[in-house]
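Here is how the chains run, residue by residue.
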Amino acid sequence: MSGGSFSCGGNFKLHKYPSNIGKIEQPKILTKEAVTILGEGISLVVSPWTALRTAIEFEWAGRDSRQKSDQLASDILSWFAQTKETHYIDDLENILDECMILSFNAKIEDGSVEE
């Protein structure tokens, strides 16, 4: 297993699976334009997440809750754009879960991380 370290403070373990179960296929090299578009897409997917919106609204991470939300989206983009290994859904769920715990002191137990 290899790990990745992201700004939200997590040290995530990336899983290796023997089959295509939970695998997210992507091209190995992303163009600058593709990275920009992917970043916008990640922000559009993450921003309506109720748990994250609530954390921002009630400033669970303090006054910089909005910035920590932006950092979460940036960490996800980095994981996709800079990690050359195969991406697994479980790893993405771990990034979301760990960032919410470390940045917002929030353990999300409503199943939305897995959605």
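Only a predicted model underlies this, so the values are computations on that prediction, with no experimental measurement involved. (Residues numbered from 1 in each chain as written. Predicted model: local features only at pLDDT ≥ 70, side-chain atom pairs only at ≥ 80, totals over all residues. Heavy atoms only, no water.)

**A word on the packing of aromatic side chains**
Thinking step 1. Summed over the entire model, instances satisfying the criterion amount to one aromatic pair.
Thinking step 2. Their ring planes at 65° and their centres at 4.7 Å tell us that Trp79 and Phe80 sit as a pair that is edge-to-face.
Thinking step 3. Residue Phe80 is classed as buried on the basis of its relative accessible area of 12%. (Phe/Tyr/Trp six-rings, centres within 6.5 Å; stacked < 30°, edge-to-face > 60°. Buried < 20%, exposed > 50% of the residue type's maximum accessible area, 1.4 Å probe, protein only.)

**With respect to the pattern of salt bridges**
Thinking step 1. In total, this model carries one salt bridge according to the counting rule given.
Thinking step 2. For Asp97, the salt bridge identified is with Lys107, shortest N-O distance 3.1 Å. A residue pair is termed long-range when its members are at least 10 positions apart, and Asp97 in helix H4 (residues 89-104) and Lys107 in the segment after H4 qualify at ten residues. (Salt bridge = Lys/Arg side-chain N within 4 Å of Asp/Glu carboxyl O. Helix = DSSP H or I, 4+ residues; strand = E, 2+ residues; numbered from the N terminus.)

**Quick word on the packing of helix H2 (residues 50-57) against helix H3 (residues 65-82)**
Thinking step 1. Their axes nearest at 8 Å, the elements H2 and H3 cross at an angle of 150°. With respect to H3, the axis of H2 lies roughly antiparallel. Note on packing geometry: the crossing formed by H2 with H3 is right-handed. The segment H2 lies against H3, with Leu52, Ala55 and Ile56 engaging Ser65, Arg66, Ser69 and Leu72.
Thinking step 2. Of the residues that constitute the contact of H2 with H3, the class distribution is four nonpolar, two polar and one charged. (Axes fitted to C-alpha atoms, helices over the stretch in contact; angles between N-to-C directions. Parallel < 35°, antiparallel > 145°, perpendicular 65-115°, else oblique. Left-handed = near helix turned anticlockwise from the far one by under 90°. Contact = heavy atoms within 4.5 Å. Nonpolar A, V, L, I, M, F, W, Y, C, P; charged D, E, K, R; others polar.)

**What to know about H2**
Thinking step 1. Buried residues of H2: Ala51, Leu52, Ala55 and Ile56, and no others. In an axial view of H2, the angular spread of the buried residues amounts to 135°, which keeps them on one side of the axis.
Thinking step 2. Just downstream of H2, Glu59 is the residue with a positive phi angle, here 50°. (Arc of directions from axis to C-beta.)

**Some words on the side chain of Glu93**
Thinking step 1. By the element assignment, Glu93 lies in helix H4.
Thinking step 2. It is Lys107 that comes nearest to the buried, bridge-free Glu93 among opposite-charge side chains, at 10 Å.
Thinking step 3. When sequence neighbours within four positions are dropped, the list of residues in contact with Glu93 reads Val113 and Glu114. (Lys, Arg positive; Asp, Glu negative; His and termini not counted.)

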